[in-house]
Amino acid sequence: MKLSGFALFAGLTSSMGAQAVKVMLLGDSITEITCWRPLVWEQITSAGLAGSVDFVGSMNDLQPNCSRPQGFDPDHEGHSGWQAYDIARNNIAGWVQNTKPDIVQFMLGTNDVNIGHRNADSIIGSYTIMLNAMRAANPRVKVIVDKIIPTSWSDATIEAVNTAIPGWVQQQTTAESPVVIADCSRAAGFTNDMLRDDGVHPNSKGDQFIAGQIGPKLIQLIKDVSTTSSTSTSSTSPTSTSGGSGTGAAHWGQCGGIGWNGATTCVSPYTCQQVNPYYYQCL
Ligand SMILES: *[C@@H]1O[C@H](CO)[C@@H](O)[C@H](O)[C@H]1NC(C)=O
C-alpha cells in the first residue's frame with residue numbers, strides 16, 4: 001500500500017476512479033530475494049504511475065543490497081523454494097481472494113523442476129489452476145506469465161515450459177481477462193553471466209534484464225486497467241437494469257455469493273456456477 005504523490009497524479013487518478021491498480025508479483029525466490037521489483041517500480045515511477053499503483057501480497061521483504069527507490073511498495077507474493085504445484089493447489093485462491101488483484105504477474109516452475117522433478121505438463125497444468133483462481137477472485141484480472149529464466153545448466157524442462165507457454169496463453173487469453181507473456185528466457189537474451197554463482201538466481205545484471213522484460217508489459221496493463229475500469233463502470237450498470245433477454249452477468253462475471261447484490265443470472269449461453277460460497281461465476 002503506497003499512495004504518496006497521489007496529488008501529483010490527480011488528473012490521472014480521477015480518470016481511473018480513486019482506486020489504485022492492485023498488482024501482485026507472484027513467484028518463488030526469483031521474485032522474493034532479488035532486486036528486479038524495485039527496478040520495475042522505478043519504471044512505473046518514470047511512467048508517472050507510481051501514485052496510482054498498489055503492489056499487493058502477503059510478503060514485504062526486500063534484500064538489503066537492492067536499491068530502494070523512494071515510495072517503493074515492497075508488498076509481493078514471492079515465496080522462496082515454493083513450487084507452482086503447491087501454490088496452485090494450496091495457496092493462490094486465498095492470496096487472490098484476500099487482495100483481489102487487477103493484475104497478477106508471475107514467474108514459477110523453477111522449483112517444480114529442480115526440487116519437485118515435475119515435467120512441463122505438470123507446471124502448465126498448475127498455471128491453469130492458478131489462472132482459474134485469479135479469475136474467480138476477479139473476472140477481469142489481467143495476467144502476465146513470465147517465460148522462466150534459465151539455470152546455468154540450461155535445464156531442458158525449463159525450456160520445455162517456455163516453449164509451451166505461448167500455446168497455453170493463446171488457449172487461455174480472453175478479451176475480458178487477457179494473458180500476456182514477459183519473456184525472460186534464454187532465447188530472449190538471458191545469459192549465464194546474469195546468474196549468481198548458485199546458477200539459479202539472477203545477479204544485478206539478471207535483475208536488469210528481468211525488469212526490462214516485465215516493466216513495459218506491466219505498465220501497459222496498468223494503463224489498460226484504468227481504461228477498462230472507466231468503460232466498464234459506465235457499461236455494466238445499464239445492462240443489469242435494462243431487462244429483456246440479454247440480461248445477466250457476462251462470461252466470467254460474478255453472479256452470486258455471500259454479500260453479492262448484483263445480477264444472479266448469466267447472459268446466454270453461460271450458467272451461474274458456484275466457485276466457492278463467496279463467489280458464483282458465469283461459466
Ligand atoms: C545483491 O546480492 C546478490 C547476492 O550476493 C548479488 O548476486 C547481486 O548482484 C546483488 N545485487 C545488487 C544490486 O548489488
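Attention in this report is confined to the structure presented alongside it. (Residues numbered from 1 in each chain as written. Predicted model: local features only at pLDDT ≥ 70, side-chain atom pairs only at ≥ 80, totals over all residues. Heavy atoms only, no water.)

## Some thoughts on the pattern of salt bridges
Reasoning step 1: Under the defined criterion, the tally for this structure stands at 4 salt bridges.
Reasoning step 2: For arginine 118, the salt bridge identified is with aspartate 112, shortest N-O distance 3.8 Å.
Reasoning step 3: Taking relative accessible area as the criterion, arginine 118 reaches 24% and is therefore assigned partly exposed.
Reasoning step 4: A salt bridge links glutamate 176 to arginine 140, with the nearest nitrogen and oxygen atoms 3.6 Å apart. With glutamate 176 in the loop between helix 7 (156-172) and strand 6 (179-183) and arginine 140 in the loop between helix 6 (120-137) and strand 5 (142-147), this pair connects stretches of sequence that are 36 residues apart. (Salt bridge = Lys/Arg side-chain N within 4 Å of Asp/Glu carboxyl O. Buried < 20%, exposed > 50% of the residue type's maximum accessible area, 1.4 Å probe, protein only. Helix = DSSP H or I, 4+ residues; strand = E, 2+ residues; numbered from the N terminus.)

## Describing the state of the cysteines
Reasoning step 1: Overall, the coordinates contain 2 disulfides when judged by the stated rule.
Reasoning step 2: One disulfide in the model links cysteine 35 with cysteine 66; its S-S distance is 2.1 Å. Measuring handedness by torsion sign, the sulfur bridge of cysteine 35 and cysteine 66 sits at about -80° and is left-handed. Of the two residues, cysteine 35 is situated in the loop between helix 2 (29-32) and helix 3 (36-46) and cysteine 66 in the loop between strand 2 (53-56) and strand 3 (77-78); the sequence distance between them amounts to 31 residues. For the pair formed by cysteine 35 and cysteine 66, the shared burial category is buried.
Reasoning step 3: Each sulfur of the disulfide joining cysteine 266 and cysteine 282 lies 2.1 Å from the other. Across the S-S bond linking cysteine 266 and cysteine 282, the dihedral sits near -85°, which makes this disulfide left-handed. Linking cysteine 266 in the loop between strand 7 (254-256) and strand 8 (272-276) with cysteine 282 in strand 9 (residues 279-282), this pair joins segments that are 16 residues apart in sequence. Both residues of the pair, cysteine 266 and cysteine 282, belong to the buried class. (Disulfide = S-S within 2.5 Å.)

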